[in-house]
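# A closer look at the structure
Here is what each chain is made of, one letter per residue.
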Amino acid sequence: MVGDRLRAIRINKGFTLQQTADKLGLSLRSYQKYEGCEREPSLSMLIQIADLWNVPTDFILERDSYLSSLGVCVDVSLECPPRRPKPQRSRSNPHTQSSDNVSK
C-alpha cells in the first residue's frame, strides 16, 4: 500500500512526520492520513513527496517490477519498525465517580 511505502521511505530518509508535513506545506494530521492509508495523495502531492525524498514516483506507487525492467535501482530500505497499536479509548465516563471514590 502507498501509505506503508511512504512510511518506510520517510523513516529511511530520516524524516519525522512533522518535518515531512512542514516541508510539504501540510498539517501533521493531513500527512498522517497518507501514511495511515486513510487518504491517497494527489498527483501533484505525490510528485512533491518524490522530489522531497529524491525517489521516483513509481517507487512510491510500488511499481518495483516496472522500475527493474527499466534498469532503475532505488537505494531505499523498506525495513521499518512496526506501527504502534492505536490506543484504546476508555469507555467509562470521566464525569461519574466509581463506588471506590465515593466518600462514606
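Residues numbered from 1 in each chain as written. Predicted model: local features only at pLDDT ≥ 70, side-chain atom pairs only at ≥ 80, totals over all residues. Heavy atoms only, no water.

Another aspect to go through is the pattern of salt bridges. When the charged atoms of two side chains lie near each other, side chains of opposite charge can form a pair. Applying the stated criterion across every chain yields a total of two salt bridges. For Glu-35, the salt bridge goes to Arg-10, with nearest N and O atoms at 2.5 Å. Placement of the pair is Glu-35 in helix α3 (residues 28–35) and Arg-10 in helix α1 (residues 2–13), with a sequence separation of 25 residues. A residue is classified by how much of its surface remains accessible, and Glu-35, at 4% relative accessible area, is buried. (Salt bridge = Lys/Arg side-chain N within 4 Å of Asp/Glu carboxyl O. Helix = DSSP H or I, 4+ residues; strand = E, 2+ residues; numbered from the N terminus. Buried < 20%, exposed > 50% of the residue type's maximum accessible area, 1.4 Å probe, protein only.)

Two elements in contact, helix α2 (residues 17–24) and α3, have axes whose closest approach is 9 Å; the angle formed by their N-to-C orientations is 110°. By the angle class used here, α2 and α3 are roughly perpendicular. Facing α2, whose interface residues are Leu-17, Gln-18, Thr-20, Ala-21 and Leu-24, α3 presents Leu-28, Tyr-31, Gln-32 and Glu-35. When its residues are assigned to classes, the contact of α2 with α3 shows five nonpolar, three polar and one charged. (Axes fitted to C-alpha atoms, helices over the stretch in contact; angles between N-to-C directions. Parallel < 35°, antiparallel > 145°, perpendicular 65-115°, else oblique. Contact = heavy atoms within 4.5 Å. Nonpolar A, V, L, I, M, F, W, Y, C, P; charged D, E, K, R; others polar.)

Let's shift gears to the nonpolar core. If you look at the biggest cluster of nonpolar residues, it comprises 17 residues, and the most contacted ones within it are Leu-6, Tyr-31, Ile-49, Trp-53 and Ile-60. At the level of secondary structure, the elements contributing two or more residues to this core comprise α1, α2, α3, α4 (43–53) and α5 (57–60). Element by element, the count of residues in this core is highest for α4, at five residues. Residues in contact with Ile-60, not counting those within four places in the same chain, are Val-2, Arg-5, Leu-6, Ile-9, Leu-46, Ile-49, Ala-50 and Val-55. (Core = buried A, V, L, I, M, F, W, Y, C linked by side-chain atoms within 4.5 Å.)

We now examine α3. Within the span of α3, buried status applies to Tyr-31, Tyr-34 and Glu-35. Burial along α3 is one-sided: seen end-on, the buried residues are contained in an arc of 95°. Where α3 terminates, the next one or two residues include Cys-37, which has phi positive at roughly 60°. (Arc of directions from axis to C-beta.)

The subject of this paragraph is unusual backbone geometry. Its identity is not glycine, yet Cys-37 carries a phi of approximately 60°, on the positive side. With respect to the secondary-structure elements, Cys-37 resides in the loop between α3 and α4. Given the relative accessible area of 35%, Cys-37 is considered partly exposed. For Asn-54, which is not a glycine, the phi torsion comes out positive at approximately 55°.

Attention now goes to the confidence of the model for the protein. Summarising the model, the protein shows a mean pLDDT of 79, and 61% of its residues fall at 70 or more. The least confident element of the protein, judged by mean pLDDT, is helix α6 (residues 64–69) at 63; the most confident is α2 at 96. (pLDDT = per-residue confidence, 0-100.)

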